[in-house]
Amino acid sequence: MAEKNNNYILIGMPGSGKSTIGVLLAKALGYDFVDTDLVIQQKGGGLLKEIIARIGNDGFKQLEEDVNASIDVNKSVIAPGGSAVYSDKAMRHFKEIGTIIYLKLDYQTVKRRLGNLKARGVVLEKGQTLRDLYNERIPYYEKYADITVKLDKLSIGNSLEKVLENL
Ligand SMILES: Nc1ncnc2c1ncn2[C@@H]1O[C@H](COP(=O)(O)OP(=O)(O)OP(=O)(O)O)[C@@H](O)[C@H]1O
Ligand SMILES: O=C(O)C1=C[C@@H](O)[C@@H](O)[C@H](O)C1
Ligand SMILES: [Mg+2]
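Residues numbered from 1 in each chain as written. Chains lettered and ligands numbered in written order. Predicted model: local features only at pLDDT ≥ 70, side-chain atom pairs only at ≥ 80, totals over all residues. Heavy atoms only, no water.

Looking at an unreviewed UniProt entry, one finds the protein named Shikimate kinase and attributed to Anaerostipes hadrus. Quoted verbatim from the Function (unreviewed entry) field of the UniProt record, the comment on the protein reads "Catalyzes the specific phosphorylation of the 3-hydroxyl group of shikimic acid using ATP as a cosubstrate." (UniProt positions renumbered as here; feature names shortened; annotations may be inferred.)

Structure below.
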């Protein structure tokens, strides 16, 4: 059983570096690392974009909630997908098992980082722009964050340092 509060969970927009920085953070702390997108791909039997194409955004969100709400680890850095915050059930579970860190980037940095949103498999409703998605998601990230780390313009190494300083 996961104990209370000995994990770190990274949240933030797609491309904010949850996976990239998460694995380095785990290494620096001597923790394990869990990328919940990989668990979703395994359970969903395909790539994220294929799963979304097959079962739709709502089906994907349900699968993501099921996976995230049943993550049971200790001394781990957890990198969920950017859409994890749509599930209050999953986020309450994450709060129970650890400290939630919001990797905050401004819109322009996110836009520069992300390539083709469809190829990446972002949960985007029909007609929704990246700006719409950014505006929709920010209040969720702010709501669930225990710690917020602003990372604009920092290299990967300096971002890791800043996250470590804020723990
Ligand atoms: N300073 C930086 N910090 C983090 N990532 C960076 C930086 N500069 C460029 N990148 C690139 O931005 C991308 C970040 O993507 P990553 O998959 O880590 O994001 P994510 O938050 O896990 O997204 P998702 O929600 O889709 O899982 C990577 O391709 C990484 O190489
Ligand atoms: O932010 C998003 O909408 C997503 C991010 C990915 O990590 C995946 O979890 C999925 O493709 C959706
Ligand atoms: Mg990721």
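Q: So what's going on with the site of ligand 1? Which residues, and what values?
A: Lining the immediate environment of ligand 1, one finds 16 residues, of which Lys18, Ser19, Thr20, Gly82 and Leu154 sit closest. In this structure, an oxygen atom belonging to ligand 1 sits 2.9 Å away from a side-chain N or O atom of Ser19. Burial of ligand 1 by the protein amounts to 73% of the accessible area it has alone, namely 640 Å². In terms of residues, the shell around ligand 1 owes the most to one element, helix H1 (residues 18-29), which gives 3 residues. (Near = heavy atom within 4 Å. Polar contact = N/O pair within 3.5 Å; in protein donor to acceptor, adjacent residues only side chain to side chain. Areas by Shrake-Rupley, 256 points an atom, 1.4 Å probe, with all protein chains shown as cover. Helix = DSSP H or I, 4+ residues; strand = E, 2+ residues; numbered from the N terminus.)

Q: Go over the packing of H1 against helix H8 (residues 156-166), please, and point to the residues and values.
A: Look at H1 against H8: their axes get within 10 Å of each other, and the N-to-C directions meet at 55 degrees. Between H1 and H8, the interaxial angle falls into the category oblique. In the packing of H1 onto H8, the handedness of the crossing is right-handed. Contacts from Thr20, Ile21, Leu24, Leu25, Ala28 and Leu29 in H1 reach Ile156, Ser159, Leu160, Val163 and Leu164 in H8. (Axes fitted to C-alpha atoms, helices over the stretch in contact; angles between N-to-C directions. Parallel < 35°, antiparallel > 145°, perpendicular 65-115°, else oblique. Left-handed = near helix turned anticlockwise from the far one by under 90°. Contact = heavy atoms within 4.5 Å.)

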